[in-house]
Amino acid sequence: MQEKATAGVGINFIGYTKAQSDTDQLENNAGFVPECTYMFAGHAGYSPPVRLTGLLVLTFRVLHHLFVASHDPEEPPLIQPRIPLVGHVIGLLRNGNSYHSNIAKKCGRPIFTLGLPRGKMYIVISPDLVTACDRRAKIVSFAPYVVAFAKRILAAGQDSIRLLSEDLLEDKGTTTLRPETMKIMHQVMIPGDCLDELMQTVLNDVSRSLDTVITNGNQAVVPMFQWIRSFVGIASTNAIYGSERNPMKDPAVMDGFWAVDKDFALLGLEFLPGLIASAGNRGRERFFDAFRKYYATDSLQTASHLIKARYEVNRKHGVSDEDVAHFDLGVCTALLVNTVPAVWWTLYHVFSDEALLVELRRGIEATVSAQSESSEPSSATSIDVPHVIKTFPLLDSFVKEVLRVHSNSMSARFLLQDKVIEDDKGAAYLLKKGSFLAMPSARVHASSAAWGPNASTFDPARFLHLNSDKVPKSAYRAFGGGHALCPGRHFAMNEIMSILIIMVIKYDVAPLDSGWEIPETRDHISTSVTTPAKDFLVRIQPRKPSQYLEWDFTWEPKKRTMRR
Ligand code: HEM
């Protein structure tokens, strides 16, 4: 098992890679130790080792008081680390997102404060306080993280960083670079013509690449995660950059991209990247180089509306082509790092649960039969994917549940001003300017107050019978919320459901060596969905007996009477 940890500004850059099953032993890092616990250990009546420990702890405690920001009683309750000064940092480095969850479980508070050297972090657990933060999104802001990401990971130039840092409080609405970019991304990626265009490409690409790997009558043995990563990576980037000139079609660029993702936390340190994150650093240069050439050779004309619209906004604000290429590293990160594990979990759940598999196959085939009665006869059975998604809502519910259960998003924020937030019962909490804040989705998704007594159970039909009056809107955090709500959520959901439909209709998937087992998982700093710690081989074969000989998966918006 590998562990990777580093710290930089805020929780976005406190990363780690660790199997979740090992986390319990580390819960002890956060205790509820009274201030004076160690104060008397330096007393002369104790043995020398105890006195030394006492003195060390005393020194740490003094440093803690000097370097950890003072705590106002109006702020959320302060959780003292067992090791003064650095206890929470060690806990975060070793456990990542699970650290907050473990403390939250122990202390049972709806919101609490972790003191950090020269700062503090509020952890928000209860859905109503999450709603309160989302409502004050200009002050409880995501914007500083966007700037830090552009500087540390995208290595954007000074001018672009200055443009991104303009008007952090968004008093000027969407007129500056950062909010305007998000505005057009949301506009382009809502259900409509542009999204349909992206989905047509994805669907063609996925069908074609699966057909290539598993030719009729044959089978393929592949490492499941790596295989999903490769076909989702190509299909998604072909859709947005255009399959003709997509730079990510070059395996060296694609591998370089994943090397950046692997070294994400180390690159975030901005300290000798060529030395401490050499693979990631090389991959990043290769990526920039390829995208620089993409724009220099007028390839934009082959791109999707999404990339064209982003380019226009960037140029309007004076971003250089060089930095547009750097920003594309951010686009590819958003596009791929969560969709890949989400597809993995979706396929894992459906192929490891025979009853669910049968139910999904029946449901999809029922919509196809109903459709084919009214359509023209043809040699191939045509599956209108958006029609299937609309008429068989279990698909949507199942994928949402996959994301609810496996989401590990931080929803990291930074306080740009002091702010008081209130919960539903009127309890008020002061949040101080300059503090970090996180709303870990895993805890919010586990809230039985929001999701009912079966909150911890995996229920594919949960969203079919959900009483939306009872479940607060902000209890579902798989795609974040507030101003930082994910603009790619419709595309991601459609892509995952399309792959699910193709896979269950055409193929059987089973592990090569043994049965399906719930894998150990790990969090990764860049992702909002947990990832299996180890890859394993699966056998994929065409279903036998296959009900239909030929399949033609289409995303034909014209056939639809209503849009989703
Ligand atoms: C299953 C797939 C995906 C998941 C689980 C996911 C999840 C998230 C989450 C949790 C956030 C942060 C929200 C917050 O902090 O409150 C986010 C932000 C974002 N996502 Fe996604 N995402 C997915 C796919 C995509 C795709 C396909 C795109 C398309 C480009 C995308 C683009 C973005 C962008 C640009 C942001 C930043 C928003 C901002 O700066 O305001 N995501 N996503």
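Residues numbered from 1 in each chain as written. Predicted model: local features only at pLDDT ≥ 70, side-chain atom pairs only at ≥ 80, totals over all residues. Heavy atoms only, no water.

Under an unreviewed UniProt entry, the protein chain has the name Cytochrome P450 and belongs to Zopfia rhizophila CBS 207.26. In its Cofactor (unreviewed entry) section, the UniProt entry covering the protein chain states "heme". (UniProt positions renumbered as here; feature names shortened; annotations may be inferred.)

Student: Run through empty space enclosed by the protein, naming residues and quoting values.
Tutor: On inspection of all chains with the given rule, the structure shows 2 cavities of 30 Å³ or more. A volume near 40 Å³ is recorded for the largest cavity. At the level of elements, α14 (305–316) and α15 (321–336) are the ones that each hand at least two residues to the lining of the largest cavity. No other element matches the 4 residues that α14 contributes to the lining of the largest cavity. Of the residues assigned to the lining of the largest cavity, the class counts are 5 nonpolar, 1 polar and 2 charged. What lines the second largest cavity is simply I153, F257, V260, D261, F264, L329 and T333. For the lining of the second largest cavity, the elements supplying multiple residues, two or more each, are α10 (251–262) and α15. When residues of the lining of the second largest cavity are assigned to their parent elements, the largest contribution, 3 residues, is made by α10. Counted by class, the lining of the second largest cavity contains 5 nonpolar, 1 polar and 1 charged residues. (1 Å grid on protein atoms, 1.4 Å probe; cavity = no way out; pocket = protein on both sides within 12 Å on 5 of 7 lines; lining within 4 Å. Points joined across faces, edges and corners; volume = space filled by probe spheres on them. Helix = DSSP H or I, 4+ residues; strand = E, 2+ residues; numbered from the N terminus. Nonpolar A, V, L, I, M, F, W, Y, C, P; charged D, E, K, R; others polar.)

Student: Hey, could you go over the environment of I307 for me, with residue numbers and the actual values?
Tutor: Structurally, the position occupied by I307 is in helix α14. Measuring from C-alpha to C-alpha, the distance between I307 and M185 comes to 9.1 Å, with 122 residues separating the pair along the chain. Ignoring sequence-local partners within four residues, the contact set of I307 consists of I240, Y241, Y295, L300, D328 and V331. (Contact = heavy atoms within 4.5 Å.)

Student: Pulling in residues and values, what's your account of the coordination of the iron atom of the ligand?
Tutor: Looking at the protein side alone, the iron atom of the ligand has one donor only, C486 (SG), at 2.3 Å. Within the secondary structure, C486 sits in the loop between α21 (448–451) and α22 (489–506). (Donors = N, O, S within 2.8 Å, 3.2 Å for Na, K, Ca; no water.)

Student: Residue-level account of the packing of α10 against helix α13 (residues 278–296), with values.
Tutor: Closest axis-to-axis distance for the α10/α13 pair is 7 Å, and the angle between their directions is 135 degrees. It follows from the interaxial angle that α10 and α13 lie oblique. As α10 packs across α13, the resulting crossing turns out to be left-handed. Contact residues: A252, V253, G256, F257, A259 and V260 in α10; A279, G280, G283, R284, R286, F287, A290 and F291 in α13. Residues belonging to the contact of α10 with α13 are distributed by class as follows: 9 nonpolar, 3 polar and 2 charged. (Axes fitted to C-alpha atoms, helices over the stretch in contact; angles between N-to-C directions. Parallel < 35°, antiparallel > 145°, perpendicular 65-115°, else oblique. Left-handed = near helix turned anticlockwise from the far one by under 90°.)

Student: Any chance you could break down the pattern of salt bridges for me, citing the residues and the numbers?
Tutor: Tallying each qualifying case throughout the model produces 17 salt bridges. Of the charged contacts, one joins K120 and E75 as a salt bridge, the two residues approaching to 2.9 Å between their closest N and O atoms. Of this pair, K120 sits in strand β3 (residues 119–124) while E75 is found in the loop between α1 (48–67) and β1 (78–79), placing the two residues 45 residues apart along the sequence. Across the pair, exposure class does not vary: K120 and E75 are buried alike. Through salt bridges with shared partners, a single ionic network connects D289, R292, K293 and E322. (Salt bridge = Lys/Arg side-chain N within 4 Å of Asp/Glu carboxyl O. Buried < 20%, exposed > 50% of the residue type's maximum accessible area, 1.4 Å probe, protein only.)

Student: Provide a residue-level description of the UniProt feature "binding site: heme" (unreviewed entry) in the protein chain, including the pertinent values.
Tutor: Within this structure's numbering, the places UniProt gives as "binding site: heme" (unreviewed entry) are C486. Not counting residues up to four positions away in its chain, the partners in contact with C486 are H186 and F479.

Student: Please set out the sheet that holds β1 residue by residue, giving values where relevant.
Tutor: Spatially, the 6 strands line up as an open sheet ordered β1-β2-β3-β10-β7-β4, and their pairing is mixed. Among the strands making up the open sheet, the edge pair consists of β1 and β4 (140–141). Pairing between β4 and strand β7 (residues 413–415): 2 bridges, direction antiparallel. The residue of β7 that forms the bridge with V140 is L415. (Pairing = 2+ DSSP bridges.)

Student: Hey, could you go over the environment of S468 for me, with residue numbers and the actual values?
Tutor: Here S468 is to be found in the loop between α21 and α22. In this structure S468 comes out as exposed when scored by relative accessible area, which is 58%. Each C-alpha atom, one on S468 and one on D167, is 36 Å from the other, the two residues being 301 residues apart in sequence.

Student: Report on the site of the ligand, specifying residues and quantitative values.
Tutor: With respect to spatial proximity, 27 residues lie near the ligand, and among them S411, R413, G480, A484 and C486 are the closest. A distance of 3.1 Å separates an oxygen atom of the ligand from a polar backbone atom of G481. Between the ligand and the protein, one listed contact pairs an oxygen atom with a backbone N or O atom of H483 at 3.5 Å. Elements with a minimum of two residues in the shell around the ligand: α7 (177–189), α15, α16 (339–351) and α22. Residue composition of the shell around the ligand, grouped by class: 17 nonpolar, 9 polar and 1 charged. (Near = heavy atom within 4 Å. Polar contact = N/O pair within 3.5 Å; in protein donor to acceptor, adjacent residues only side chain to side chain.)

Student: Go over α7 with me, naming the residues and quoting the values.
Tutor: For α7, with 13 residues, the first-to-last C-alpha span of 18 Å sits near the 18 Å given by 1.5 Å per residue. Listing the buried residues of α7 in full gives L177, R178, P179, E180, T181, I184, M185, V188 and M189. (Expected span 1.5 Å × (residues − 1).)

Student: Hey, could you go over the packing of aromatic side chains for me, with residue numbers and the actual values?
Tutor: For the structure on display, the rule yields 24 aromatic pairs. A centroid spacing of 6.2 Å and a plane angle of 75 degrees characterise the contact between W516 and F536, whose relative ring orientation is edge-to-face. Within this pair, whereas W516 is found in the loop between β11 (507–511) and β12 (521–522), its partner F536 is found in the loop between β13 (531–532) and β14 (537–542), the two being separated by 20 residues in sequence. Judged by its relative accessible area of 21%, W516 falls in the partly exposed class. Through a chain of ring-to-ring contacts, the aromatic side chains of Y241, F257, W258, F287, F288, F291, Y294, Y295 and Y311 assemble into a single cluster. The side chain of R404 reaches across the aromatic face of W451, ending 5.3 Å from its centre. (Phe/Tyr/Trp six-rings, centres within 6.5 Å; stacked < 30°, edge-to-face > 60°. Lys NZ or Arg CZ within 6 Å of the ring centre and 35° of its normal.)

Student: Explain the confidence of the model for the protein chain to me, and be specific about the residues and the numbers.
Tutor: The share of residues in the protein chain with pLDDT of 70 or more is 84%, and the mean pLDDT across the chain is 86. Between residues 1–45, whose pLDDT stays under 50, and residues either more than four places distant or in other chains, the model counts 134 contacts. pLDDT under 50 marks residues 560–564. Its contacts with residues more than four places away, or in other chains, come to 16 contacts. In the predicted complex, the global pTM is 0.87; the interface-specific ipTM is 0.98. (pLDDT = per-residue confidence, 0-100.)

Student: Pulling in residues and values, what's your account of the pairing of strand β2 (residues 111–116)?
Tutor: Remark: a regular strand shows side chains that alternate across the two faces of the sheet. Burial analysis of β2 places 6 of its 6 residues in the buried class, the great majority of the element. As judged from the 2 bridges shared by β1 and β2, these two strands associate in the parallel manner. Residue pairing for β2: I79 is matched across the bridge by L114. Examined bridge by bridge, β2 and β3 share 6 bridges and lie antiparallel to one another.

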